[in-house]
Amino acid sequence: HFADCKQPMELYLGCLKDHKDRHNECSEFSRGYLECRMENGLMSRENLDEMGYAEEKRVKGAKEYDYAKEKAGFTAGKHISRESEWWFLKRSNKDWEN
């Protein structure tokens, strides 16, 4: 394509930058970008209301994550004591590396 939707894309990316990547605060810009892509044949036509852009599906009252668990010393997965049952995660199985 020939940068048909460069302006709506830049508006959306600028909004994300201004709002610390909180996409729910930039939905009008992402909607505009997707509409531009559909109008220029860069993606198939979709009902954006069914993709989460309907007013009743908008995110309201979202709060930024405060990292309280991490600040208190929590490490994800640290509580798991048993060895994985997945073949590719087992330390003893090296057949898949060759």
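A brief report on the enclosed structure follows. (Residues numbered from 1 in each chain as written. Predicted model: local features only at pLDDT ≥ 70, side-chain atom pairs only at ≥ 80, totals over all residues. Heavy atoms only, no water.)

Our focus in this paragraph is the state of the cysteines. With the rule as written, the count across this model stands at 2 disulfides. Disulfide pairing places C5 opposite C36 at an S-S distance of 2.1 Å. Where C5 bonds to C36 through sulfur, the torsion about that S-S bond is close to -95 degrees, and the disulfide is left-handed. Note that C5 is positioned in the segment before α1 (6–18) and C36 in helix α2 (residues 27–39), a separation of 31 residues in sequence. Residue classification places C5 among the buried positions, given a relative accessible area of 4%. (Disulfide = S-S within 2.5 Å. Helix = DSSP H or I, 4+ residues; strand = E, 2+ residues; numbered from the N terminus. Buried < 20%, exposed > 50% of the residue type's maximum accessible area, 1.4 Å probe, protein only.)

Here we take up the pattern of salt bridges. Tallied over the full model, the rule gives 5 salt bridges. Between R31 and E35 there is a salt bridge, with the nearest N and O atoms lying 3.2 Å from each other. Here E35 and R31 lie together in helix α2, a separation of 4 residues that amounts to about one turn. The exposure class assigned to R31 is partly exposed, which follows from its relative accessible area of 25%. Linking R31 and D49 is a salt bridge whose minimum nitrogen-to-oxygen distance equals 3.4 Å. One end of the pair, R31, is in helix α2; the other, D49, is in the loop between α2 and α3 (68–71), with 18 residues separating them in the sequence. Several salt bridges share partner residues, and in doing so they unite R22, E25 and E64 into one network. (Salt bridge = Lys/Arg side-chain N within 4 Å of Asp/Glu carboxyl O.)

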